[in-house]
Each structure stands twice: as C-alpha cells, then as structure tokens.
Amino acid sequence: MNAKVLVTGGLGYIGAHACVALAEAGRSVVVVDNLANSSSAVLDRIAELAGGPPAFVHGDIRDIGLLARTMRDHAVDSVIHFAGSKAVGESVGLPLSYYDNNVGGSMALLAAMAATGVRRLIFSSSATVYAQSGRMPLAETATLGASSPYGRSKLFVEHMLADLCASDPAWSVACLRYFNPVGAHPSARIGESPRGVPNNLMPYIAQVAVGQRERLSVFGDDYETVDGTGVRDYVHVLDVAEGHVKALDYLQRVNGCATINLGTGHGVSVLQMLREYERASGRLIPFQVVARRPGDIDRCWAEVSLAHGLLGWQARRSLAQMCEDSWRWQRDNPLGYR
Ligand code: NAD
Ligand code: WQD
C-alpha cells in the first residue's frame, strides 16, 4: 500500500482545500474528523475535485487507539494536523474545552505518532500567537504572547513540538502560522460554511452580499491605518493549502522544528476588502461603523521571506481572486453544505 498522509480535521475549511491540493500533488490521504464543525457532505465535494473520495475515519483525535489504528491500517508516514476549535471569542468563555481539544488533542496525536513511528507533522498555528507590538511585518522571530485561550492553546502546542524535536532529532515538524485565510476553491464546490453568525470578516461580508444579513458592522474606523479600519493579511485558502504540500516536501528533506508564516506580506483594510467584494459580487454591501471589537489589534501582516526561502512557497492569488472565489461559493451555496 502507498503511504498516506493523515489529515486531521480534513473536512473543515482549510483541511478540505488541503485534501484537494494533496490529491493534485499525487498524495493519498486518510482523513480523521469528528464532524464537530463540518459535515460528511464535504467528502463528496472533495471526491468531485480530487478524482475520488479520500479515505475517511469518523472519529475524535483525542482517541489515541483510533489514531494509532488508522496510522497502521493506512501506512501513514506523515500527518497534517488541522483538527481543533478555532473561535477566539468562544475560547474566552470555554477555556478548558479549548485546551482539551487543541492541546489535549495534539498530545493524543503525538502519542499515537510516537507509538507508530510516524515522525513527520505539520501543525496549524496562527498569527494570533504574536504579541501586540505594532511593528510590521511580523517575522517568525517577533515576540510571542497570545491574548486568548485559543491563542495560548496554539502557543502551548508550538512549544511542545519544539521540545519534542529538541529531545529527538528523528522528528520533522513544521508549525505553519496562518494569517487570515479566506476565499474558496474556484469551482465553488468547497468553501467556508460557518455555523451561526460568522466571526470573521469575509464570511460576514459574503452573507451580506447574498442577502442573508442586512449590513456589515465595521468594528472601529479610528485606528491609525490607511482609512481608520483594521488591517489584516488575507491569504487565499488554496495558497494556504498549497503551502502544506510544499511543507510536506520540505519535511522529507529536513529534520527538526521549523516555524513559518503563511501570508501574502500585505495588509488590507476592512473598507478595502468591502469595496473589492462589491466589485467581485456586483452587489452593494451596506455597512455601519460601530465600536471597536474588544481585543482587536489595528494592523497585522506577515514577513513572508522564510516561507519562500525554506519551502519555495509564495501566495499567488490576488485579493480580487479571494473575493471572486468567496462570492462564487456563497452565491452557489447560500447555506454552505447544509
Ligand atoms: P474548521 O473548524 O473549519 O476545521 C477544523 C476541523 O476539525 C473540522 O472539520 C472539525 O469537525 C474538526 N475537529 C475539531 N475537533 C476535532 C477533534 N477533536 N477530532 C477530530 N476532528 C475535529 O477550521 P479551519 O478554519 O479549517 O482551521 C483549521 C486549523 O487551522 C485549526 O486548527 C485552526 O485553529 C487553524 N487556523 C485557522 C485559521 C482560520 O482563520 N481559519 C487561522 C489560523 C489558524
Ligand atoms: C478582520 C478585521 C475586524 C468582522 C481572527 C482570529 C485569528 C485567526 C483569523 C484563527 C478586523 C474586522 C471583522 C466584522 C469587522 N483565526 N471585522 N466586522 O480578528 O484578524 O483574526 O481570525 O487562528 O486567530 O483572531 O480576523 O476576520 O475576525 O477580522 O469590522 O463583522 O475585520 O475588526 O479588523 P482577525 P477577522
């Protein structure tokens, strides 16, 4: 049997795009997902784009036995670990649940990897691990300091992985710090399908554009930015997905622990995003300026030279493509996968 890549959380937003990118690169995958924030309908959609469904195990990453069995049964030789809980605001009210799923889940995964001799891992980290500093772009060496339980859960796992690699040179680990992944596959078959009110800017704008929500609330227009609204480094989800394929290649060549930003290196304001989305959708997007969102920073974008130097990866897709692909997905699937 050909060795497979275990993709935890592979039916989620980024994981589904990664499954398609991996298939395009000729990699076979096995997905473990407990459907906590996804649906089995995603499997059929991935199958359409990848020329067949990925192997799928419905289960929880905190089940060490299930993971070890899956790794043995599918001759897994590397793991991409997307599974986790990701809502910053929710994590403030449910810290133990976040530490359980994100830290406990990662520990269980590492135990299963250790038991089965799998030593290659890509971990989904986040720009949220950086301390607020104001100096942009953020290089991987910038001061760390997460401000939410979610962010700290990512930081704990990063530290754990660094300690593990220091203890045993056989491990090859990449912590990929995503900035703001947005957009969808251009086929409009897979995309982001938030449950309830979207927390993030682009899915919210998308729901206003399609008529499901009345208007966007712009959280503050008095930041020291180009137009007073918050600035972020939005990066196309397919570029992010392809970054994982490059990182897997890299881990086949190099051992140790690498920590790498995935972003475009450019900041875009809320109003710039809104205007670009209006252009892409041909719809007017009503908005009102409201108070700043607690905990928000004014500006954030990545230093991206390490990804280019180590992985040979660069974000290729424009803001226009991010908005066009998001819009096509939203228009064709107004209820997401439901
Ligand atoms: P997502 O919620 O769409 O996908 C996560 C998937 O993991 C879901 O399919 C969910 O059902 C599954 N899952 C959750 N807990 C599980 C468990 N215990 N066992 C098995 N499956 C489980 O999230 P996403 O946007 O695709 O994010 C993927 C990863 O990237 C997450 O770790 C997230 O923290 C990280 N990340 C996301 C962003 C972003 O903006 N989307 C930014 C930075 C980092
Ligand atoms: C972007 C900008 C908002 C919604 C979060 C997490 C981070 C990472 C990505 C996982 C900000 C403004 C938003 C709205 C608005 N996820 N905004 N109205 O805050 O950069 O990052 O998602 O790791 O950890 O913190 O992204 O999309 O929520 O906000 O004005 O309805 O849009 O104030 O300036 P953020 P976001």
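Details of the structure are given in the entry above.
These remarks concern the structure in this document.

Procedures and definitions
Position numbers for residues start from 1 in each chain and track the written sequence from start to end. Chains carry letters and ligands carry numbers; both start at the beginning, A for chains and 1 for ligands, and go up in the order they are written. At least 70 in pLDDT is required for a residue's local features to be given in this predicted model, at least 80 for side-chain atom pairs to be given and counted, and no such filter applies to totals for whole chains, interfaces and linings, which use all residues. Side-chain numbers come from the whole structure's heavy atoms, not from hydrogens or water. Residues are counted as near a molecule or strand when any one of their heavy atoms sits within 4 Å of it. Under the rule applied, a polar contact is a pair of N or O atoms within 3.5 Å (in protein, one hydrogen donor and one hydrogen acceptor; residues adjacent in sequence only if both atoms are side-chain atoms). We get accessible surface area from the Shrake-Rupley algorithm with a probe of 1.4 Å; when it comes to residues, only the shown protein chains can shield them. Put simply, DSSP H or I for four residues or longer makes a helix, DSSP E for two residues or longer makes a strand, and each gets a number counted from the N terminus. Side-chain classes follow a simple rule in which Ala, Val, Leu, Ile, Met, Phe, Trp, Tyr, Cys and Pro form the nonpolar group, Asp, Glu, Lys and Arg form the charged group, and the remainder, Gly included, forms the polar group. Fitted lines through C-alpha atoms serve as axes, helices being fitted only where they are in contact, and the angles separating the N-to-C directions of these axes extend from 0 to 180 degrees. Here the angle decides the label: under 35 degrees means roughly parallel, over 145 means roughly antiparallel, 65 to 115 means roughly perpendicular, and every other value means oblique. Crossings are assigned a handedness: left-handed for a near helix turned anticlockwise from the far helix by less than a right angle, right-handed for a clockwise turn. When checking whether two residues touch, look at their non-hydrogen atoms; a contact exists if any pair is within 4.5 Å. Strands are treated as partners if at least two bridges between them are detected by DSSP. Nonpolar cores were defined as sets of buried Ala, Val, Leu, Ile, Met, Phe, Trp, Tyr and Cys residues, with membership established by side-chain atoms within 4.5 Å. Throughout this description, buried means an accessible area under 20% of the type-specific maximum (1.4 Å probe, protein chains only), exposed means over 50%, and partly exposed covers the range between. Only rings of Phe, Tyr and Trp enter the pairing, Trp through its six-membered ring, and a pair is recorded when the two centres are within 6.5 Å. The plane angle decides the type: under 30 degrees is stacked, over 60 is edge-to-face, the rest tilted. Counting as a charge over the ring demands two things of the Lys NZ or Arg CZ atom: a distance within 6 Å of the ring centre and an angle within 35 degrees of the ring normal.

**Things to note about the site of ligand 1**
So, step 1. Around ligand 1, the structure places 27 residues, and the nearest of them are D33, N37, K86, N101 and Y150.
So, step 2. In the environment of ligand 1, an oxygen atom lies 2.8 Å from a nitrogen or oxygen atom belonging to the side chain of S38.
So, step 3. Within the contact set of ligand 1, a nitrogen atom lies 3.0 Å away from a backbone nitrogen or oxygen of I61.
So, step 4. For ligand 1, whose unbound accessible area comes to 810 Å², protein coverage reaches 95%.
So, step 5. Of all the secondary structure elements, the ones that give two or more residues to the shell around ligand 1 are α1 (13–24), β5 (120–126) and α6 (149–167).
So, step 6. Among the elements that make up the shell around ligand 1, the one with the highest residue count is β5 (three residues).
So, step 7. Broken down by class, the residue content of the shell around ligand 1 amounts to eleven nonpolar, eleven polar and five charged.

**Some thoughts on the site of ligand 2**
So, step 1. Lining the immediate surroundings of ligand 2 are 18 residues, of which Y150, L201, S217, R232 and D296 lie closest.
So, step 2. Note that an oxygen atom of ligand 2 is positioned 2.8 Å from one of the side-chain N or O atoms of S126.
So, step 3. A distance of 3.4 Å is found between an oxygen atom of ligand 2 and a backbone nitrogen or oxygen belonging to N199.
So, step 4. Bound to the protein, ligand 2 loses 87% of the 690 Å² it would expose on its own.
So, step 5. It is strand β8 (residues 216–219) that provides the largest number of residues to the shell around ligand 2, a total of four residues.

**Describing the packing of helix α5 (residues 95–116) against α6**
So, step 1. At a closest axis distance of 9 Å, the pairing of α5 and α6 adopts a crossing angle of 20 degrees. With respect to α6, the axis of α5 lies roughly parallel. Relative to α6, the crossing made by α5 is right-handed. Between α5 and α6, the residues in contact are P95, Y98, Y99, N102, V103, S106, M107 and L110 and P149, Y150, R152, S153, F156, V157, M160, L161 and L164, respectively.
So, step 2. Residue composition of the contact of α5 with α6, grouped by class: 13 nonpolar, three polar and one charged.

**Some words on the sheet that holds strand β3 (residues 55–58)**
So, step 1. Here we have seven strands laid out as an open sheet, ordered β3-β2-β1-β4-β5-β6-β11, and parallel in their pairing. Of all the strands in the sheet, the pair left with one neighbour each is β3 and β11 (256–262). Neighbour-to-neighbour, the strand axes of this sheet turn through a mean angle of 20 degrees, independent of strand direction.
So, step 2. With respect to the sheet, helix α3 (residues 64–73) is in contact with β1 (4–8), β2 (28–33), β3 and β4 (76–81), its orientation differing from that of β2 by roughly 170 degrees.

**What to know about the nonpolar core**
So, step 1. One finds V7, I122 and L176 to be the most contacted residues of the largest nonpolar core, which totals 41 residues.
So, step 2. When residues of this core are traced back to their parent elements, those giving at least two are β1, α1, β2, α2 (41–50), β6 (172–178), α8 (237–253), β11 and α10 (305–311).
So, step 3. When near neighbours in sequence (up to four residues on either side) are disregarded, L176 contacts I122, F123, S124, S125, S126, G243, H244, A247, I260 and L262.
So, step 4. Core analysis: the second largest hydrophobic core is formed by 26 residues, L67, V76, V157 and V173 among them.

**Looking at the packing of aromatic side chains**
So, step 1. Counted by the stated rule, this structure contains five aromatic pairs.
So, step 2. On the numbers, 6.5 Å between centres and 85 degrees between planes, the contact of Y98 with Y150 is edge-to-face. On the criterion of sequence distance, the pair formed by Y98 in helix α5 and Y150 in helix α6 is long-range, its members being 52 residues apart.
So, step 3. The buried category is assigned to Y150, whose relative accessible area is 10%.
So, step 4. Between the NZ or CZ atom of R213 and the centre of the ring of Y204, over which it lies, the distance is 5.8 Å.

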